[in-house]
Each structure stands twice: as C-alpha cells, then as structure tokens.
Amino acid sequence: MQTGRPESWPPNCRKTDMITLLSFILVLGVLIFVHELGHFTVAKWVGIRVEKFSLGFPPNIFAKKKGDTTYCIGIIPLGGFVKMAGENPDDPTTGASDEFQSKSVGRRAAVIFAGPFMNYLAAIGFMIALVLVGGSLVNDPRGVAIGELRKDGPAKLGGLETGDVVIAIDGYRVYDFDSLRVRINAKLAEPLDLTWLRGNDTLSATMTTAVDSVKGGPEGTQAVGIIGFAPLRETPPLGAAIVDGFKLTHEVVVLTANFVKNLITGRESVKQLGGPVFIASQAGEAARSGAASLLWLLGILSINLAVLNVLPIPILDGAHLVFLAIEKIKGGPVPIKARAWAQQVGLVLILTLLVFVTYNDIVRVFTRN
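All values reported here derive from a predicted model rather than from experimental measurement.

Rules behind the numbers
- Residues numbered from 1 in each chain as written.
- Predicted model: local features only at pLDDT ≥ 70, side-chain atom pairs only at ≥ 80, totals over all residues.
- Heavy atoms only, no water.
- Helix = DSSP H or I, 4+ residues; strand = E, 2+ residues; numbered from the N terminus.
- Buried < 20%, exposed > 50% of the residue type's maximum accessible area, 1.4 Å probe, protein only.
- Contact = heavy atoms within 4.5 Å.
- Areas by Shrake-Rupley, 256 points an atom, 1.4 Å probe, with all protein chains shown as cover.
- Pairing = 2+ DSSP bridges.
- Core = buried A, V, L, I, M, F, W, Y, C linked by side-chain atoms within 4.5 Å.
- Phe/Tyr/Trp six-rings, centres within 6.5 Å; stacked < 30°, edge-to-face > 60°.
- Axes fitted to C-alpha atoms, helices over the stretch in contact; angles between N-to-C directions.
- Parallel < 35°, antiparallel > 145°, perpendicular 65-115°, else oblique.
- Left-handed = near helix turned anticlockwise from the far one by under 90°.
- Nonpolar A, V, L, I, M, F, W, Y, C, P; charged D, E, K, R; others polar.

1. Focus on the overall build of the chain
Inference 1: Secondary structure assignment for the chain yields nine helices and 13 strands.
Inference 2: Considering the chain as a whole, with its 369 residues, one finds that 37% of them fall into the buried category.
Inference 3: Considering only contacts in the chain between residues 6 or more positions apart, those separated by 24 or more positions represent 62%.
Inference 4: Summed over its atoms, the accessible surface of the chain is roughly 20,800 Å², and 62% of this surface lies on carbon and sulfur atoms.

2. Regarding the pairing of strand β8 (residues 191-198)
Inference 1: Examined bridge by bridge, strand β6 (residues 165-169) and β8 share four bridges and lie antiparallel to one another. Each bridged residue has a counterpart across the sheet, and for I169 the counterpart in β8 is L194.
Inference 2: Summarising the sheet, β8 and strand β9 (residues 201-208) pair through eight bridges and their orientation is antiparallel. Within β9, the position partnered with T195 by the bridge is S204.
Inference 3: The turn joining β8 and β9, which pair antiparallel and follow one another in sequence, is formed by two residues; a positive phi near 65 degrees is taken by G199.

3. What about the nonpolar core?
Inference 1: In this structure, V27, L31, F126, L297 and I303 are the most contacted members of the largest nonpolar core, which totals 18 residues.
Inference 2: Residue assignment for this core shows that the elements contributing at least two residues are α1 (13-45), α2 (105-134), α6 (276-289) and α7 (291-309).
Inference 3: With seven residues, the top contributor of residues to this core is α7.
Inference 4: Sequence-distant contacts of L297, defined by excluding residues within four places in its chain, comprise V27, Q282, A283 and A286.
Inference 5: Membership of the second largest hydrophobic core comes to 16 residues, among which are L160, I169, L180 and I227.

4. Considerations on unusual backbone geometry
Inference 1: With an omega of 5 degrees, the peptide bond between P58 and P59 qualifies as cis.
Inference 2: Mapped onto the fold, P59 is located in strand β1 (residues 50-66).
Inference 3: A positive phi is found at A189, a non-glycine position, where the angle reads about 55 degrees.
Inference 4: Positioned with a positive phi, I315 is a non-glycine residue whose angle comes to about 90 degrees.

5. Structural notes on the packing of aromatic side chains
Inference 1: This structure, assessed with the given rule, holds eight aromatic pairs.
Inference 2: Relative to F53, the ring of F33 lies with its centre 6.1 Å away and its plane at 65 degrees, an arrangement referred to as edge-to-face. Separated by 20 residues along the polypeptide, F33 in helix α1 and F53 in strand β1 bring together distant segments of the chain.
Inference 3: On the accessibility criterion, F33 (38% relative accessible area) is partly exposed.
Inference 4: Ring geometry for F113 against F117: centres 5.7 Å apart, planes inclined by 25 degrees, an arrangement best described as stacked. Residue F113 and its partner F117 are located together in helix α2, separated by four residues, close to a single helical turn.

6. Observations concerning the environment of V131
Inference 1: Mapped onto the elements, V131 comes out in helix α2.
Inference 2: With 103 residues separating them in the primary sequence, V131 and E234 have C-alpha atoms 9.3 Å apart.
Inference 3: Sequence-distant contacts of V131, that is, excluding residues within four places in its chain, are made with S136, P236, A241, D244 and G245.

7. Quick look at the packing of α2 against helix α8 (residues 317-330)
Two quantities define a packed helix pair, namely the angle between the helix axes and the distance between the axes.
Inference 1: The N-to-C vectors of α2 and α8 enclose an angle of 165 degrees; their axes lie 9 Å apart at closest approach. Relative to α8, α2 is oriented roughly antiparallel. In this structure, α2 meets α8 at a crossing whose hand is left-handed. Mapping the contact onto sequence places V105, R108, A109, I112, F113 and P116 in α2 and D317, H320, L321, L324, E327 and K328 in α8.
Inference 2: Of the residues belonging to the contact of α2 with α8, the class tally is seven nonpolar, one polar and four charged.

Okay, here's the thing in structure tokens:
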C-alpha cells in the first residue's frame, strides 16, 4: 500500500493552493463590497437607517459599531448584506421616517437598484484599467500587426518578426485578429500558408501549427492549433481607454444576457454553470497570470453579478424591484405573507442552484483528474 504523497505531487502545491484561496477571497470580497456599498450609500443618501453592513456571512471575525451601523466581516466569504431598519417583511416597524418602508417607492427602488448598478460601474472601471494595463489592439487597415512572438514557436521559426502585418492565411484575406485566430485554431498540428508584409516586401511561409489547450469555460479545456504570437498592442490615451472600456463592458453585458436567455430557453447547457470551486480556480489562475488577467476576471464576474441580480427571482434585487413596481401600480404594498413566501421560495431556489453548481465543480475536478 502506498503511503504519503505520490511522486507527481507538485512541490509548490501548498503555495499554489494558498494563492488560489487568497485570490478567491480577494475577488469575491471586492465584488461583494462594491455591491453592498451601492445599497449602503444610497440608503444613507435617502435617509434610511442602516443597522448592519456585513462583508461575508456569520460567524463574524470582526464587528464594530459606529453610529447606527454595525460593520462586520463574516468568516464565510460567499456573500454579504446590508440590513436596513424595517426592510424585511416580518421586521417590526414604528413608522419612523428613517425606516425603509417609510420611504417612497422611487427611493426604495433606488436603494435596491444601487447594488447591481454599482457592479456595472465597477465593471467599467475594471475594463478601463484592463485596457490601460494590457493595451489596445493596434488597428492596421492592411491586416493583423504582430506583437510578441513565442520563442521557438512556429511563427518565429517561420520567419515572422514583431511589427510584421499578416494579410492572408491559406489564401484567405484577413483584416482582424479574430478571423486569423479562428483559422489557426482550427488546424491541429497541420500545415498552413501565411502571407505577411514587412515594410514594402510581401513574404510568405508554410508552417505547421503546434497544439495547445485553452479554457473552454466551466466545462473544461479544448485543443487548438497555435503558431505562437500575440497581436501588437499599444497603451492608448486615457480618453481612448475609457471609450474602449465602455465598449468592452457592454459587449460582455450583451453576451451575458444572451447566455442567460439561452440557458432559460434550453439552448445552453446548465453544465456550463460554475460555482465557488470554479471561481476559485479561475481567480488563482488569473492571479498567477498577471494584473490584466485578474482585471478581466473581475470585470466579467462584476457584470455577471449585475445581470443576475436584476433577474426577477425572489431574494434577488430584481424580485424586490418587481414588488415595488406592483406596489406602485396597485397603490399598496404586496401582502407580507406573499413576500415572505416568495423569499422562502427564492432561498430554496438559490440554495438548490448553489448545490447544483458545486456538484458541477466537483464532477469537473474528478473528470479532469
């Protein structure tokens, strides 16, 4: 019987696990803090008494009261909450002007909407920072400008140099990196003909792709062909970075919304959903890859949090907004029993989803191993 660690055990496994854990806590902590700060700030602004601001769930490792609010850090880093006076349906209310229910529908809606809206604003900030750190693609009207080349990669060995402009692959004219990448990725250890410009000269070469694996989302990895180069990037002026950050954010918002729609209609598999284990692994990999990867992950998750929270699922912010819309239309609040029942149903749905995505994560880990 074998005892101890297998020979293949990575010597830096503990260090890697620690990086993954700390990155997971950092990423979730930032996103949750931003979300709850939105609720907290607008609640204070409209005059609602905030009784508790918690980052993480109890038991608490830190708690301090300042004014009317107790600020807490919980040991379970999977969420957070802002508790406002008179917010919950079964909370005793006195009719005081600083209670949640005493405010107008519009002000209460503003408080609820502020959480996902702050995640949306934070995503824009992350994407702008990403553009400044990672640079923007150099747009060359002739084709795809070549940036960094992998040492001993097919592109380098085939004669490509930084600053060259690829104009064709296998006789197909290319003008952007995505179309070039798709054609290269489709060839696994196969030859391809590349044509490029260097100054006034037109050069060409036949090179055989190497095979690499890339992340295909929570479902795993997929094999792709590569020739070992990155597109040329440059650090843009701040104004251009802001514009690019906005564009990138809204592209991801549309992709996320479409994914949710396709998930509901059955066009996307629920197996693509990832839970805490998947997020932790992505956070660890992003942290090890550098600032640009970490900013990209923060932006993506912040957008996901914003979009998912406005869905009309009980216990999420979207359901609260629906209740407030009904109240505005009918001229009175939704009955307490109905709201309490909806909260219970929503809690069951969220817990079921959490169990399901965690199961997905566990199956994914064992399948990979």
